[in-house]
Every structure is written in structure tokens, then in C-alpha cells.
Amino acid sequence: QSLIKSINGWSATFDDHDYGADNSDRTFKYRNESQDLFWNFTMTSDKDPLWPQERNNQTCSRPSGVFSSKTVTLAGNFTYKIVLLDTRSNKDPVGTVEGDFLGEEQWQWLEMQLLESDHKVDLIL
């Protein structure tokens, strides 16, 4: 955590090996605990700009995953948006017909991020 504190402007999300067992999905037994550990380790709080603040015109105290976005400005005033998705917390189990990786809340949030963006570049990870 001391390394994290020393770096300005960093962003984070997780994949299955950070989240839990290999190829884990929304049925992972420790889903909520894994998200709590992520937020605690990254020292992200509901007042941090990395924390998604509003979705569907409702203030959220806890997102249903570890997705986030931020705008980066480079020299010459070139700005772009980084959108970090969580492809584990709401992922349907393997074999689910018409399975989903993001879940409805994150899809709506992603749509809002893209519709409200006026950047020339939106980088989605």
C-alpha cells in the first residue's frame, strides 16, 4: 500500500486470479469479500474519484463490481477517458445460454460513460 500511496493518478481493476479461483464468475462464494478486499487494498472510498458515484440517477454507496473510469489530460490539453470494466463480479457461469460478462448495472454504467464522453479517445479495458 505504500507503493500505491506514492503513485498519483493510478487506476485498478481485477481479473479472475485477483477475484478468486481461475475463471471465477458471479457465483463465487466470496464475491463480496473479494470486492471489499479490492476497495480496501486500493484505498478507494466512496469519496474517491475512482469510485463510481452515480448510476441511473441514484447515488450508490457500493458498486456491484470494481468498474471505474477517469479522464486523463496530457500535455497539449489532449484528454482521453479510461474505462476499466469488471469482467468477473457479474459474469454468468460458463455454459449459460446468451451469457453476460458485465451484468445489467455495469452495462448501463458503460453506456452512460460513453454517451457522456466528449473525448476523442475512450480506452476501454
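Structure shown above.
Residues numbered from 1 in each chain as written. Predicted model: local features only at pLDDT ≥ 70, side-chain atom pairs only at ≥ 80, totals over all residues. Heavy atoms only, no water.

Draft legend 1. Representation of the pattern of salt bridges within the structure. Overall, the coordinates contain one salt bridge when judged by the stated rule. A salt bridge links aspartate 92 to arginine 26; its shortest N-O distance comes to 2.9 Å. A residue pair is termed long-range when its members are at least 10 positions apart, and aspartate 92 in the loop between β4 (78-84) and α4 (104-115) and arginine 26 in the loop between α2 (16-19) and α3 (31-41) qualify at 66 residues. Residue classification places aspartate 92 among the buried positions, given a relative accessible area of 16%. Arginine 26 gets classed as partly exposed once you look at its relative accessible area, which sits at 41%. (Salt bridge = Lys/Arg side-chain N within 4 Å of Asp/Glu carboxyl O. Helix = DSSP H or I, 4+ residues; strand = E, 2+ residues; numbered from the N terminus. Buried < 20%, exposed > 50% of the residue type's maximum accessible area, 1.4 Å probe, protein only.)

Draft legend 2. Representation of the sheet that holds β4 in the model. Read from one edge of the open sheet, three strands run β3-β4-β5, paired in mixed fashion. Each edge of the sheet is formed by a strand with only one pairing partner; in this case those strands are β3 (68-74) and β5 (121-124). Each neighbouring strand pair of the sheet contributes to a mean axis angle of 20°, computed without reference to strand direction. The pairing of β4 with β5 spans four bridges and is parallel. Bridge assignment links isoleucine 82 to a residue of β5, and that residue is leucine 123. Packing against the sheet, α4 makes contact with β3, β4 and β5, and its axis sits at approximately 175° to β4. (Pairing = 2+ DSSP bridges. Axes fitted to C-alpha atoms, helices over the stretch in contact; angles between N-to-C directions. Contact = heavy atoms within 4.5 Å.)

Draft legend 3. Inspection of α3 at higher detail. Taken residue by residue, α3 has Arg31, Ser34, Gln35, Phe38 and Trp39 as its buried positions. The buried side chains of α3 occupy one side of the element, clustering within an arc of 135° when seen end-on. For α3, the exposed residues set more than 90 degrees away from the buried face come down to Leu37 and Asn40. (Arc of directions from axis to C-beta.)

Draft legend 4. Representation of the side chain of glutamine 113. Of note, glutamine 113 is situated in helix α4. For glutamine 113, a relative accessible area of 9% puts it in the buried group. Setting aside residues up to four positions removed in sequence, glutamine 113 forms contacts with Ser69 and Lys81.

Shape descriptors only; they carry no functional weight alone.
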